[in-house]
Amino acid sequence: MNLTDRFLKYVSFDTKSNETSGTTPSTPGQRVLAEALVEELEALGLEEVTLDDNCYLMATLPANTTKQVPVIGFIAHLDTSPDLSGKDVHPRIVHYEGGDIALSEEENVVLSPGMFPEMTDYIGQDLIVTDGTTLLGADDKGGIAAIVSAMEYLINHPEIEHGKIRIAFTPDEEIGQGADHFDVEKFGCEWAYTIDGGQIGELEYENFNAAGAKVIFKGLNVHPGTAKDKMVNASLLAVKFASWLPGHQRPEHTTGYEGFYHLIHMSGSVEEATLSYIIRDHDRKLFEQKKELIQALVGQMNMQYPGTTTLEMRDQYYNMREMVEPKKYIIDLAFEAMTAVGVTPIVKPIRGGTDGSRLSFMGLPCPNIFAGGHNFHGRYEYLPVKSLEKSMETIVKITEILTQQS
């Protein structure tokens, strides 16, 4: 099966994760894809193929050299974002010659370089696009396809010497739970790479420090006709609280290393209201300051309206840089491999997180490499075929160069 067909097969599986399910995996479709991958990997000839109760799939490509080569791994995630449906994905391949691409004439959904100017970088290439009603699933089925195809390529080209290679596919990365049950000791690698980046050339070893915060407001509901000096409207408390946070520190006003407070959900009535935030910053000190501000504002609200406001806040993951940078050679290896296959590396911070950010703190340094897609989590998602091919080639080249250097 060629790389493109493999990707198109994987996106036919509905693997959208669900933060509220309380199970691992959070949705049954992820296990359906994992079980199909078990059959495929075994048919290709990989060894030690295991799928555990929590839907963590691992496999081994044995070494074909007598050299002492470090065991390394490649990781991608099974789930797609809950932000948009991943069911009944109908991808199509468009040979792009510039201009707009009509994804859905019925719903007037148009993929346009006016909105996404980076499209012009791919004139003359084949793009895999959606039908405008679902996401595509390049995040991260592009990563899965690149890894599986790279293993198949190495099997079919035994003249390329390589050490033992481990691969893993994880559930629930999109809801921040991808590393919850990952068995680092069982995986048995000195380091790994997540194949979960975006545009061609991305090489990332810095990510946000991340926390989630839920602010809960309790009101006092009285008939509005007799509410004077009695009613406390929880929804209005929530509106006031939101207005206290710095408006310039929202995602739509930040870039690069700038952090933010992002209101991702709100609900409310007179009796009770909630605001759910994600808090992000690359700088650990600024990250802690952002959390302290949330706590201080909760205290301020309770001073003005005693006993009304409570906070639930937890850290989600941290910037992997402090764990990866001391082993900079693993970045250098990926940089050299990209260059060798004709890709210009783009080393930049992730304005988000990957499984690798948590795995790095669990003892598995794990920078992130491009899978090639754009506009993840939405109907405008697309994947240049050449970028996916270069992701696969980069994986192969990493194993080859590592063996040569060993």
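Scroll up to find the structure.
Residues numbered from 1 in each chain as written. Predicted model: local features only at pLDDT ≥ 70, side-chain atom pairs only at ≥ 80, totals over all residues. Heavy atoms only, no water.

Some words on the nonpolar core
By size, the foremost hydrophobic cluster in this structure holds 66 residues, and its most contacted members are Phe-74, Met-151, Phe-169 and Tyr-193. By residue number, the principal contributor to this core is helix α3 (residues 138-156), which donates nine residues. If near-sequence neighbours (up to four positions away) are discounted, Phe-169 is found in contact with Leu-37, Leu-41, Cys-55, Tyr-56, Leu-57, Ala-76, Leu-78, Ile-144, Ile-147 and Val-148. (Core = buried A, V, L, I, M, F, W, Y, C linked by side-chain atoms within 4.5 Å. Buried < 20%, exposed > 50% of the residue type's maximum accessible area, 1.4 Å probe, protein only. Helix = DSSP H or I, 4+ residues; strand = E, 2+ residues; numbered from the N terminus. Contact = heavy atoms within 4.5 Å.)

Observations concerning the environment of Ser-360
In this fold, Ser-360 is placed in helix α9 (residues 355-361). Of the residues examined, Ser-360 reaches a relative accessible area of 1% and is grouped as buried. In the structure, Ser-360 is positioned 42 residues away from Tyr-318 in sequence and 9.3 Å away in space, judged by C-alpha atoms. Setting aside anything within four residues of it in sequence, one finds Ser-360 in contact with Met-320, Met-323, Val-324, Pro-365 and Cys-366.

Observations regarding unusual backbone geometry
What is expected of a backbone is that most residues other than glycine have negative phi and most peptide bonds are trans. Residue Pro-25 is bonded to the preceding Thr-24 through a cis peptide linkage, with omega at 0°. Looking at where Pro-25 falls in the secondary structure, it is placed in the loop between α1 (3-10) and α2 (28-44). Here the amide bond leading from Asp-139 into Asp-140 is cis, since omega sits at 15°, within 30 degrees of zero. Take Asp-140: it is sitting in helix α3. A positive phi angle is found at Glu-48, which is not glycine, with a value near 50°. The residue Glu-48 is located in strand β1 (residues 47-51) in this model. Residue Glu-48 is classed as partly exposed on the basis of its relative accessible area, which comes to 45%. The phi dihedral of Asp-172 falls on the positive side, at around 60°, and the residue is not glycine. Tracing the sequence through the fold places Asp-172 in the loop between β8 (165-170) and α4 (184-187).

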